[in-house]
Number of protein chains: 2
Amino acid sequence: MDLKPIFTPPETSEMQSRLARVQAAMEAQGLDYYVAVCADNVFYLTNFANYVHERPFVLVVPRSGRLQFVVPQLEIPHVTTRSIGNIELVSYFEFPAPEGETWADRFEELFPADAMVGVESTCPLQVYEEVPGTRVRDDIIDDMRMVKSDYEISRIIYASDLATKGMSQLLAGAKPGQSLMEVNSQVKAMMMIQILTDYPETNIMSTDVSVVFQPPGISHDPHNFTNINMVMEEGGPHVSIINGIMNGYGTEVERTFFLGHVPEAAKKPYQTMMEARAKAFELSVPGNDMGEVDRQVNEVFKKAGYGDNLLHRTGHSIGVTGHEGPFLAEGYDRIIEPGMFYTIEPGVYLPGVGGFRHSDTVLVTADGNRSLTPCPSSLEEMTLPLVE
Amino acid sequence: MDLKPIFTPPETSEMQSRLARVQAAMEAQGLDYYVAVCADNVFYLTNFANYVHERPFVLVVPRSGRLQFVVPQLEIPHVTTRSIGNIELVSYFEFPAPEGETWADRFEELFPADAMVGVESTCPLQVYEEVPGTRVRDDIIDDMRMVKSDYEISRIIYASDLATKGMSQLLAGAKPGQSLMEVNSQVKAMMMIQILTDYPETNIMSTDVSVVFQPPGISHDPHNFTNINMVMEEGGPHVSIINGIMNGYGTEVERTFFLGHVPEAAKKPYQTMMEARAKAFELSVPGNDMGEVDRQVNEVFKKAGYGDNLLHRTGHSIGVTGHEGPFLAEGYDRIIEPGMFYTIEPGVYLPGVGGFRHSDTVLVTADGNRSLTPCPSSLEEMTLPLVE
C-alpha cells in the first residue's frame, strides 16, 4: 500500500474498466440492459454529476458497446464538459413536452421489446414504468462500487488527508466560546481553498464539505444541528465532525473531545467506546462478515451496561458519496473484501452526559485495515488544554 | 392582495388544513392510504426536512386520522423538534437491520391487506415493492402544493423580497473584474445574515441560496458553471441568478445585464426576449392553459427567427422548493389558477453573442398576476454604467 493521493478526474481507461466490470456482471446475470437513474451511479460510470430533478437523466448500459445517456438538450454542453469516456447522448428538448417528444419517447427507442432489463432499487416509479422489456430489480453498479480501484483509493486518500488536516486545525483552535460560524469560516474555508487550489476545475456539484461540532449539551443526540449558533464549552464531551465529498470522492473523520477537564461521568462511556472501536478495527479483516462485526461491537457496549444507549450501526461505506453501502450493521451479511472502505464509528449516547463517538475512514487491505484519518484518539490526547 | 412577508414556521392550523385537503382528495379518489417518500412532500405535510438516503423516512397518510411517519430511531429528537402537527412516529432501529426489525416490518403494520394505496411517481422501487394492498400511482400532494395558502404566499413574498434586495446589491456592485467569489462573499453573505437574523432557528436543511452570474462568453449555455473563477467583463450579456429556498420556501430572480455598452448583435435578441416576456405576463391569468402560454411565447421567438435558439420552457413553479411543477411548457395542459406561483423566464441563446433571460417569481391573482421580484428590466436600466 504505497498509493499516493490523487485529486484529478479519472482517465478514460479507469472509466472503461468500470464499464467492463458492470457489463461482465450483466452478462453473468443474463441482463441485456441496465437502467441507472441514481445520480451517484451515473457519476460512477460517466464522471457527470447531476441532481435528480424533474428533467430526467437516465443512463442506459447495454451488455456490450457504449453507454447511452438520455439527457435534456439544455444540459448537453454540461454533460460533454464533465463526462469521460465514449458515451452516446440521446437528447430530448424539455420536460414536460408534447406527446412524441418526451424523454420517454427517446428512451423507448433504445430497447428491443424482448430485452431483459436491470433496474435499480432506487429507480423512481415514473421511470420504472417506462422501462420496456422484462424488468428485474438489481443493483449491479452499487455492488461494483463497493470494492475500489487503485485510482479510487488514491482519491479517498486525498480527501481523507485534507479532512485530517481540517480536524487537526479544528482541535488546535478549540476553546470555550468558539462558535460553529468561526469553525466554518476557518476550517471549512481552509479546506475549500485547498480544494480549489489543487484542482481549479473542481466540480461544485460533486463537492460538499461539512465541518461541524456538537457541544456537550446536545452531543447525546447525534443528528441534532437545530441551533446553528452553538458554541464550545469547558468540559465535554464535544463531538466534532468533518465529512463530505470533494470533487466526487468522500471521507469522514469525527472526534470526541473535552476542553480543560473530563467530567467523571464521561470516563466510563469514553473508555467503552474506545474498546468497541478497537474491536471493530480488530475484526475489520477480509473474510469476516460485516453484520457479525457490528454484533460483536454492540456486545462490548451491552456488556458495559449501555445496551439502551445505542443509536446506530458501527459504520457505513464511502466512495463517490460520503455515505453509502455496504454497512457494518447487524442483519447485513456481506463478507469484507480488500479494497472496501468504510467508517468505523461505534457510538454511545447518554442523555445528561453526552455522546461518545470517533469516526475514521478505513481502507480494508489484503491482510487487515488502515485508517486514512489518523487523528489522535486517546482520552489523554482528546482532553485539550484551555488556552487564551 | 395585501399579504405581508412571513418567515416563521407554519402554525398547527396551517398544517391541519393541508392534511385535510389531501385527505379530501384521497376520499374523492377512493384511496385508503397514501405513501410519501419525496422529501418535499414530507416537508409540506410535516415541516420536517430530510435528505432521502439509505435510512428511509416514509410518511403514511390515512384517509382519516393523524399522519403516521416511519423514521429511524436516531432521528426521533430531530423529527420531534422540527415537525408541526399531530404525527404518530413509528420508529425502526437502523438500516440495514435483522429480519423482523427492518423499516419495512414496521411499515407493513400500518396497512390492512385490502387497502387501496396511493404511491407517488417519484417513489423508489424499493419502497414501492414493500407497499401492501393495491397500489395506485398518484401525486395528490404534488397537486395540492400547486395552489398556495395565504401563509405560503407570505413566505414566498419574504423570500422574493430578500432575493430582490440581493439582486439590487449584485447589480449595484457589478463591474468588470468582479468575480463569482466576490459576489458570493458579499451578496450571498448579506442574504444569509438576514435569514439568520430574522429567524435564528432557520433550518439549514431547507435553506440553500445560490447567487451566481454568467459572463458574456458562456451565457449562451445557461447551465454552464464549470469555471467558478469567472469574472464580469465590459459589455454583455451577463446573466445574473439568485434562487434557492429559505427555511423551506423558494424564490428566483434573474437579470440579463451589460456593463458600459450593449453590443449591436445583442440588441435584437434582448428586445425579442422582452416581447416574449411581456407575452407571458399578458397570458398569465386564471383560466388560461399553461402549455398554450409556452406555445405562444415560443411563437414570439420563432417569428423573430430564433426557433433554433430556444433551450427551455417559459417557466417552472416555486413552493417548498425553488423548482417544481406545474410548468409553463408546451405539452403540459393545466389551467392557471389564482394562488399558483411560477417563474416567467423565456430565454434565447446565441452562441457567439450570449444568453438573454430575465426570470421573475410571479403570483397568479384573482384577475391577473404580480411579480414578487420587481427589479428593473428594460435594456436602458440593465445597461449599467462603468464605475471605478
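Residues numbered from 1 in each chain as written. Chains lettered and ligands numbered in written order. Predicted model: local features only at pLDDT ≥ 70, side-chain atom pairs only at ≥ 80, totals over all residues.

## So, the overall build of chain A
To keep things clear, this is the line we draw: Comment: elements are numbered from the N terminus, with helices defined as DSSP H or I runs of at least four residues and strands as E runs of at least two. In this treatment the radius of gyration is a C-alpha quantity, and the globule benchmark scales as 2.2 Å times the residue count to the 0.38 power. Three exposure classes are used, all based on how many other C-beta atoms lie within 10 Å of a residue's own C-beta (placed from the backbone): buried at 20 or more, exposed at 12 or fewer, and partly exposed between those limits. Here, residue contact means that the backbone-derived C-beta atoms of the two residues sit within 7 Å.
When its secondary structure is counted, chain A shows 10 helices and 17 strands. Here the C-alpha radius of gyration of chain A, 23 Å, is about what a compact globule of 388 residues would show, namely 21 Å. Expressed along its principal axes, the backbone C-alpha trace of chain A runs to roughly 70 × 40 × 40 Å. Out of the 388 residues belonging to chain A, those deemed buried represent 50%. For chain A, the proportion of contacts with a sequence separation of at least 24, taken over those separated by at least 6, is 66%.

## So, the pairing of strand S4 (residues 87–92) of chain B
Residue and element names in this part refer to chain B. Here is the rule we go by: When DSSP finds at least two bridges between two strands, those strands are taken to pair. Handedness rule for crossovers: strands pointing away from the viewer, path from the first strand over the helix to the second running clockwise, crossover right-handed.
Sheet topology places strand S3 (residues 67–72) next to S4; six bridges connect them, and they run parallel. Each residue of the ladder has a partner; that of valine 71, found in S4, is serine 91. Handedness of the β-α-β unit built from S3, helix H3 (residues 76–82) and S4 comes out right-handed.

## Let's talk about the interface of chain B and chain A
How we decide: Residues are grouped as follows: nonpolar covers Ala, Val, Leu, Ile, Met, Phe, Trp, Tyr, Cys and Pro; charged covers Asp, Glu, Lys and Arg; every other residue, Gly included, is treated as polar.
The partner chain A presents 43 residues to the 43 residues of chain B that form the contact. Across the side of chain B that touches chain A, the residue classes break down as 19 nonpolar, 15 polar and nine charged.

## Regarding the environment of B:Asp2
By the element assignment, B:Asp2 lies in the segment before helix H1 (12–29). Sequence separation between B:Asp2 and B:Ser154 is 152 residues; the distance between their C-alpha atoms is 9.7 Å.

## Side note on the relation of the copies chain B and chain A
What relates the pair of chain copies is a rotation about an axis plus a shift along that axis. So the rule is basically this: Least-squares fitting of one copy onto the other uses the C-alpha atoms of those residues that reach a pLDDT of at least 70 in both copies.
Overlaying chain B on chain A yields an RMSD of 0.0 Å, the required transformation being a rotation through 180° with an accompanying axial translation of 0.0 Å. Taken together, the rotation and translation relating the two chain copies correspond to the operation of a two-fold axis. Judged by C-alpha distance, B:Pro124 is the residue of chain B that lies nearest the rotation axis, at 2.3 Å. Interface residue correspondence from chain B to chain A reaches 100%, placing this contact among same-surface, isologous pairings.

## Side note on the domain arrangement of chain A
Residues and elements named next belong to chain A. Selection criterion: The split into domains, and so the bounds of each, comes from an automatic or database assignment of domains.
According to the domain assignment, chain A contains domain 1 (12–145) and domain 2 (150–384). The centre of domain 1, based on its C-alpha atoms, is set 34 Å off from the matching centre of domain 2. For the side of domain 1 that touches domain 2, the elements supplying multiple residues, two or more each, are helix H2 (39–46) and helix H6 (140–145). The element best represented in the side of domain 1 that touches domain 2 is H2, accounting for three residues. Looking at the side of domain 1 that touches domain 2 residue by residue, the classes come out as three nonpolar, no polar and five charged.

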